[in-house]
Amino acid sequence: MWTYTSSNAAMAALQGGVLLGWQQSLSGSLAYSVVTVLSNPVSVANTRMILAPGAHESLGQCVLTIWKEEGIGGLSKGLVPRLLKAIVSGAVTFGIYEVAKTFVSATLK
């Protein structure tokens, strides 16, 4: 949620006002994308540990092994499909969130 509120605040400051719905959806896409990129190495290591039980002592050791043997390419495997999903999911999730928040806010007044 921090990435979403931060990107909303930055976009609003650049625009000088309140964001429109599509801009909030764009902000949600950006937030999900940042989280996806940052968490992808852990996801890759986790998948490898599931597929090869006992091959690595810990998640951290698995990440280091991938880094040493394959470099950044190994830690970023599967990133493109995950990013595509994140972009769409972020836009839909936060677009609906903002509409619901506005509706509930107006209803409770």
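Quick look at the structure, then. Every chain's residues receive numbers from 1 upward, in the order its sequence appears when written. Per-residue local features of the predicted model are confined to residues with pLDDT of at least 70, and side-chain atom pairs are confined, for both listing and counting, to 80 or more; whole-chain, interface and lining totals are unaffected and use all residues. Hydrogens are left out, water is left out, and the side-chain values use all remaining heavy atoms of the structure.

1. Concerning the overall build of the protein chain
In terms of regular secondary structure, the protein chain is built from five helices and zero strands. Reading the protein chain from its N terminus to its C terminus gives the helix and strand order α-α-α-α-α. Computation of the radius of gyration draws on C-alpha atoms alone. For the globule rule, the value is 2.2 Å times the number of residues to the power 0.38. Over its C-alpha atoms the protein chain spans a radius of gyration of 18 Å, topping by over 25% the 13 Å that the globule rule assigns to 109 residues. In terms of overall dimensions, the protein chain has C-alpha extents of about 55 × 30 × 20 Å along its principal axes. For this analysis, residues touch if any pair of their heavy atoms sits within 4.5 Å. Within the protein chain, counting contacts between residues at least 6 apart in sequence, those at least 24 apart form 59% of the total. Numbering of helices and strands runs from the N terminus; a helix is a DSSP stretch of H or I covering at least four residues, while a strand is a stretch of E covering at least two.

2. Observations concerning the environment of I50
By secondary structure assignment, the location of I50 is in helix α2 (residues 21-51). Take I50: its relative accessible area is 59%, and that puts it in the exposed class. Between the alpha carbons of I50 and S25 there is a distance of 34 Å; along the sequence they are 25 residues apart. Working definition: with a 1.4 Å probe on protein chains only, accessible area under 20% of the residue-type maximum means buried, over 50% means exposed, and in between means partly exposed.

3. Describing a nonpolar patch on the surface
The patches described consist of residues with a relative accessible area above 30% and no salt bridge, like charges being joined within 9 Å and nonpolar side chains (Val, Leu, Ile, Met, Phe, Trp, Tyr) within 5 Å. Here the open area of atoms and residues is found with the Shrake-Rupley method and a 1.4 Å probe, where only the protein chains shown may cover a residue. Salt bridges, as used here, are contacts in which a Lys or Arg side-chain nitrogen is within 4 Å of a carboxyl oxygen on Asp or Glu. A cluster of nonpolar residues, V80, L84, I87, V88, V92 and I96, forms a patch on the protein surface that exposes about 570 Å² of accessible area. Looking at the secondary structure, you find V88 in helix α5 (residues 79-108).

4. With respect to helix α3 (residues 59-70)
Between its terminal C-alpha atoms α3 stretches 16 Å, which fits the 16 Å expected from twelve residues at 1.5 Å a residue. Among the residues of α3, those classed as buried are C62, T65 and I66. When α3 is viewed along its axis, its buried side chains cluster within an angular range of 100° and face the same direction. Packed against the buried residues of α3 are α2 and α4 (72-75). Of the residues trailing α3, G71 is marked for its positive phi of about 75°. Given the number of residues in a helix, its expected span is that number minus one, multiplied by 1.5 Å. An arc is given here, and it is the one of the directions from the helix axis to the C-beta atoms.

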